[in-house]
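Survey of secondary and tertiary structure
Chain residues, written in single-letter form:
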Amino acid sequence: MSAPSPAAPHRAGFACFVGRPNAGKSTLTNALVGTKVAITSNRPQTTRHTVRGIVHRPDAQLVLVDTPGLHKPRTLLGERLNDVVRTTWAEVDVIGFCLPADQKTGPGDRFIATELAKVKKRTPKVAVVTKTDLVDSKTLAEQLLAVDRLGREAGIEWAEIVPVSAVSGQQVGLLADLLVPYLPESPPLYPDGDLTDEPEQVMVAELIREAALEGVRDELPHSIAVVVEEMLPREGRPADRPLLDVHANLYIERPSQKGIVIGPKGRRLKEVGTRSRKHIEALLGTPVFLDLHVKVAKDWQRDPKQLRKLGF
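Residues numbered from 1 in each chain as written. Predicted model: local features only at pLDDT ≥ 70, side-chain atom pairs only at ≥ 80, totals over all residues. Heavy atoms only, no water.

The name an unreviewed UniProt entry assigns to the protein is GTPase Era, from the organism Streptomyces alkaliterrae. You can read under Function (unreviewed entry) in the UniProt record for the protein the words "An essential GTPase that binds both GDP and GTP, with rapid nucleotide exchange. Plays a role in 16S rRNA processing and 30S ribosomal subunit biogenesis and possibly also in cell cycle regulation and energy metabolism." Recorded in UniProt for the protein, the comment headed Sequence similarities (unreviewed entry) runs: "Belongs to the TRAFAC class TrmE-Era-EngA-EngB-Septin-like GTPase superfamily. Era GTPase family." (UniProt positions renumbered as here; feature names shortened; annotations may be inferred.)

Once that is clear, we can look at the overall build of the protein. Check the secondary structure of the protein and you find nine helices and nine strands. Looking at the protein residue by residue over its 312 residues, the buried ones come to 49%. Contacts in the protein between residues far apart in sequence, at least 24 positions, make up 72% of those at least 6 positions apart. Carbon together with sulfur atoms contributes 53% to the accessible area of the protein, which is approximately 15400 Å² in total. (Helix = DSSP H or I, 4+ residues; strand = E, 2+ residues; numbered from the N terminus. Buried < 20%, exposed > 50% of the residue type's maximum accessible area, 1.4 Å probe, protein only. Contact = heavy atoms within 4.5 Å. Areas by Shrake-Rupley, 256 points an atom, 1.4 Å probe, with all protein chains shown as cover.)

Once that is clear, we can look at the sheet that holds strand E8 (residues 244–252). Sheet architecture is open: three strands sit in the order E7-E8-E9, paired in mixed fashion. Since the sheet does not close on itself, it has two edges, and those belong to strand E7 (225–233) and strand E9 (288–296), each with one partner. Sheet twist, expressed as the mean angle between neighbouring strand axes with direction ignored, is 15 degrees. Alignment of E7 against E8, held across eight bridges, turns out to be antiparallel. (Pairing = 2+ DSSP bridges. Axes fitted to C-alpha atoms, helices over the stretch in contact; angles between N-to-C directions.)

When the charged atoms of two side chains with opposite charge come close together, those side chains can pair. Counting across every chain of the model gives nine salt bridges. When the shortest N-O distance is used, the salt bridge between Glu142 and Lys138 registers 2.9 Å. Of this pair, Glu142 and Lys138 both sit in helix H4 (residues 137–154), four residues apart, roughly one helical turn. For Glu142, a relative accessible area of 43% corresponds to the partly exposed category. Judged by its relative accessible area of 57%, Lys138 is exposed. In this structure, Arg209 and Glu206 form a salt bridge, with 3.4 Å as the shortest nitrogen-oxygen distance. Linking Arg209 with Glu206, this pair stays in helix H6 (residues 200–213), spanning three residues, or about one helical turn. (Salt bridge = Lys/Arg side-chain N within 4 Å of Asp/Glu carboxyl O.)

Here we take up the confidence of the model for the protein. Mean pLDDT over the protein stands at 83; residues scoring 70 or higher make up 85%. When pLDDT is averaged over each helix and strand of the protein, the minimum, 70, is found for helix H9 (residues 304–309) and the maximum, 97, for strand E5 (residues 125–130). (pLDDT = per-residue confidence, 0-100.)

Take H4 next. Note on helix geometry: an α-helix contains 3.6 residues per turn, so any two residues three or four positions apart are oriented the same way. Between its terminal C-alpha atoms H4 stretches 26 Å, which fits the 26 Å expected from 18 residues at 1.5 Å a residue. Along H4, the residues classified as buried are Leu140, Gln143, Ala146, Val147, Leu150 and Gly151. Along the axis of H4, the buried residues cluster in a sector spanning 140 degrees; they form a single face. Of the exposed residues in H4, the ones pointing more than 90 degrees away from its buried face are Ser137, Lys138, Leu145, Arg152 and Glu153. (Expected span 1.5 Å × (residues − 1). Arc of directions from axis to C-beta.)

Turning our attention to the nonpolar core. Soluble, globular proteins show a tendency: their nonpolar side chains are buried together. Within the largest apolar cluster, 25 residues are counted, with the highest numbers of intra-cluster contacts made by Val204, Ile208, Val246, Leu250 and Ile280. Secondary-structure elements contributing two or more residues to this core are H6, E7, E8, helix H8 (267–284) and E9. When residues of this core are assigned to their parent elements, the largest contribution, seven residues, is made by H6. Residue contacts for Ile280: discarding those within four places in its chain leaves Val204, Leu207, Ile208, Gly285, Val288 and Leu290. (Core = buried A, V, L, I, M, F, W, Y, C linked by side-chain atoms within 4.5 Å.)

Here's what the structure looks like:
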């Protein structure tokens with residue numbers, strides 16, 4: 001009788017998704033974790049913090065680092081975001097390069113591939129073709145060939161090329177299966193049940209910013225920053241009916257943008273509050289009173305002092 005095979009060792013480590021803005025990185029992070037930990041928006045450039053989503057499996061713990069989209073920077077904020085990306089690449093165990101199936105590979109992808117080729121050879125690079133639910137099989141096949149070619153031209157040997165749809169869930173489990181073997185043998189790095197290591201205040205600010213980005217005109221996405229000033233349990237509430245007071249400021253760059261965010265008779269700001277409060281209550285598991293104010297921080301994206309104040 002053959003001896004029983006020893007149990008496979010537990011693995012734990014870090015993976016990060018890179019790609020141009022709006023390549024589906026945050027949606028994929030949320031799909032793998034199984035809940036909303038990264039803000040998603042159909043506006044490019046929404047992620048500004050490296051959100052870590054934690055995927056718990058019996059055989060492994062995969063910690064996903066969600067970086068901002070790498071792009072040619074036009075402002076000091078843009079440069080700082082690119083620095084965040086490069087620092088992250090140097091520290092993870094495996095890198096996933098996200099390329100949407102519904103868009104041809106272009107200069108932005110070549111720029112990232114060239115940068116990726118500079119990352120040490122021993123870090124495996126997986127090409128993830130996202131948004132496969134938006135294309136037919138012929139378009140998908142053409143995109144897979146284009147991605148293979150992109151790697152060859154940049155001097156990258158893809159460890160895998162995986163098509164996925166975070167929206168339909170197709171092949172998301174397979175992607176996790178493929179990433180795990182590249183992690184080092186290790187006990188879990190985070191307690192069971194933890195889904196992110198982001199401080200709650202940062203996540204609450206991100207949920208408010210996501211709600212504020214919904215449906216604003218194109219000139220605004222980069223101009224909105226949110227700072228949660230305080231989160232305090234309301235005093236004198238009975239134990240079975242707690243209420244958390246959240247005070248937050250929504251910063252924009254110019255007085256003219258105030259009207260866009262607040263809306264006629266304050267309707268837009270009220271919608272932002274209602275929408276984000278639902279998500280905040282789901283995140284924190286407690287009823288919330290949300291106090292939102294809109295303030296102007298003149299040209300904050302270009303001002304080092306303002307950037308520091310707003311957490312960049």
